[in-house]
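Remarks on the overall topology
The chain contents come next:
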Amino acid sequence: MEIPGLGPVVEDEAFEGYRSKAVPVAVLGGVDCEFLVQGYEEPEDREDFHAAIRSFLELDPGALTDARQAIYEYYLKIRTVHGDGLAVRIDGPDDVFEYVDLGNEPEVFRNDDGDGRIYVSLECECDWEPEHGLQLIFRDGCKLTKAGPYDGEVD
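These numbers were taken from a predicted model, which means no experiment stands behind them.

Here we come to the nonpolar core. Ranked by size, the top nonpolar core spans 41 residues in total, and within it W128, L134 and L136 carry the most contacts. If you list the elements that add at least two residues to this core, you get strand 4 (23–25), helix 1 (46–58), helix 2 (62–82), strand 9 (118–126) and strand 10 (134–139). Broken down by element, this core gets its largest block of residues, eight residues, from helix 2. Not counting residues up to four positions away in its chain, the partners in contact with W128 are I71, Y74, Y75, I78, L86, V88, I90, V96, Y99 and V100.

When you line up the elements, G133 lands in the loop between strand 9 and strand 10. Residues G133 and E123, spaced 10 residues apart in sequence, show a C-alpha to C-alpha distance of 7.3 Å.

Let us now look at the pattern of salt bridges. Side-chain pairing between opposite charges can occur once the charged atoms of the two side chains come close. Per the stated rule, a full pass over the model turns up eight salt bridges. In this structure, the salt-bridge partner of E105 is R19, at a minimum N-O distance of 2.9 Å. Placement of the pair is E105 in the loop between strand 7 (100–101) and strand 8 (107–110) and R19 in strand 3 (residues 17–20), with a sequence separation of 86 residues. Of the residues examined, E105 reaches a relative accessible area of 35% and is grouped as partly exposed. Overall, the relative accessible area of 21% leaves R19 in the partly exposed class. One connected set of salt bridges, linked through shared partners, spans D12, R19, E34 and E105.

Quick look at the packing of aromatic side chains now. Geometrically, a pair of aromatic rings is defined through the distance of the ring centres and the angle of the planes. Going through the model one piece at a time under the given rule, you end up with eight aromatic pairs. On the numbers, 6.0 Å between centres and 65 degrees between planes, the contact of Y74 with W128 is edge-to-face. Taken as a pair, Y74 in helix 2 and W128 in the loop between strand 9 and strand 10 lie far apart in primary sequence, 54 residues in all. Consider the rings of Y75 and W128, whose centres lie 5.7 Å apart with planes at 80 degrees: the pair is edge-to-face. Residue Y75 is located in helix 2, and its partner W128 is located in the loop between strand 9 and strand 10; the two are separated by 53 residues in the primary sequence. Site record: aromatic cluster; members linked through ring pairs are Y72, Y74, Y75 and W128.

Turning to the side chain of D12, a few remarks are in order. Within the element layout of this structure, D12 appears in strand 2 (residues 7–12). Judged by relative accessible area, D12 falls into the buried class, the value being 12%. Excluding residues that lie within four positions of it along the chain, D12 makes contacts with G17, Y18, R19 and L36.

What follows deals with helix 2. For helix 2, spanning 21 residues, the distance from its first C-alpha to its last is 31 Å, which sits close to the expected 30 Å at 1.5 Å a residue. Most pronounced at R68, the bend in helix 2 amounts to some 40 degrees. Buried residues along helix 2 sit in contact with strand 9, strand 10 and strand 11 (143–148). Where helix 2 terminates, the next one or two residues include G83, which has phi positive at roughly 60 degrees.

Parameters at a glance
- Residues numbered from 1 in each chain as written.
- Predicted model: local features only at pLDDT ≥ 70, side-chain atom pairs only at ≥ 80, totals over all residues.
- Heavy atoms only, no water.
- Core = buried A, V, L, I, M, F, W, Y, C linked by side-chain atoms within 4.5 Å.
- Buried < 20%, exposed > 50% of the residue type's maximum accessible area, 1.4 Å probe, protein only.
- Helix = DSSP H or I, 4+ residues; strand = E, 2+ residues; numbered from the N terminus.
- Contact = heavy atoms within 4.5 Å.
- Salt bridge = Lys/Arg side-chain N within 4 Å of Asp/Glu carboxyl O.
- Phe/Tyr/Trp six-rings, centres within 6.5 Å; stacked < 30°, edge-to-face > 60°.
- Expected span 1.5 Å × (residues − 1).
- Bend = angle between axes of the 7 residues up to and from the residue.

Here it is, written out as C-alpha cells:
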C-alpha cells in the first residue's frame, strides 16, 4: 500500500496501523522520520489523512518557533507542581528547545472519540518531565493544539 506523501507503507501489528519508510520532515529540520498511521483502513476517509500528512510535511521550522511559548507554559505548569525540586530551570520560551529532544516517529490518527479530525502527534523527550515527556499535536497536520504531557489526549 502507498500513502501520498509517505510512499510505500507496511503493516505494523504492534502499532495496529501502518509504518512508512523514513521521509524528511522540514518542521524538524529535515530529519528523516518514520510515520505511524492508524485508522487508514476505510478508502472514503483517506483524503483527510492525505491532507493532514501533506500539511504536516509542508510545515517549516517556524512552526516550532511559534510553539515555544506553549512549550514554556507546559514547563511552568510542571515547575509549579515540583517547585525547587525540578532538575532544570528555563529562563524563558526562547530557551525551551535546549531541554527538548524532538521525536522522529510522527503518529497520524483520527480522533474518533472527539471531533473526528486528523491529528499528527509527536512524542518528544524533555528534561523537566522525564516520566510523561512532551507531546506536540497538530490538528489537521498544521495547527498546534497541544504542547503538554504525553497522556493520550489531543488537547
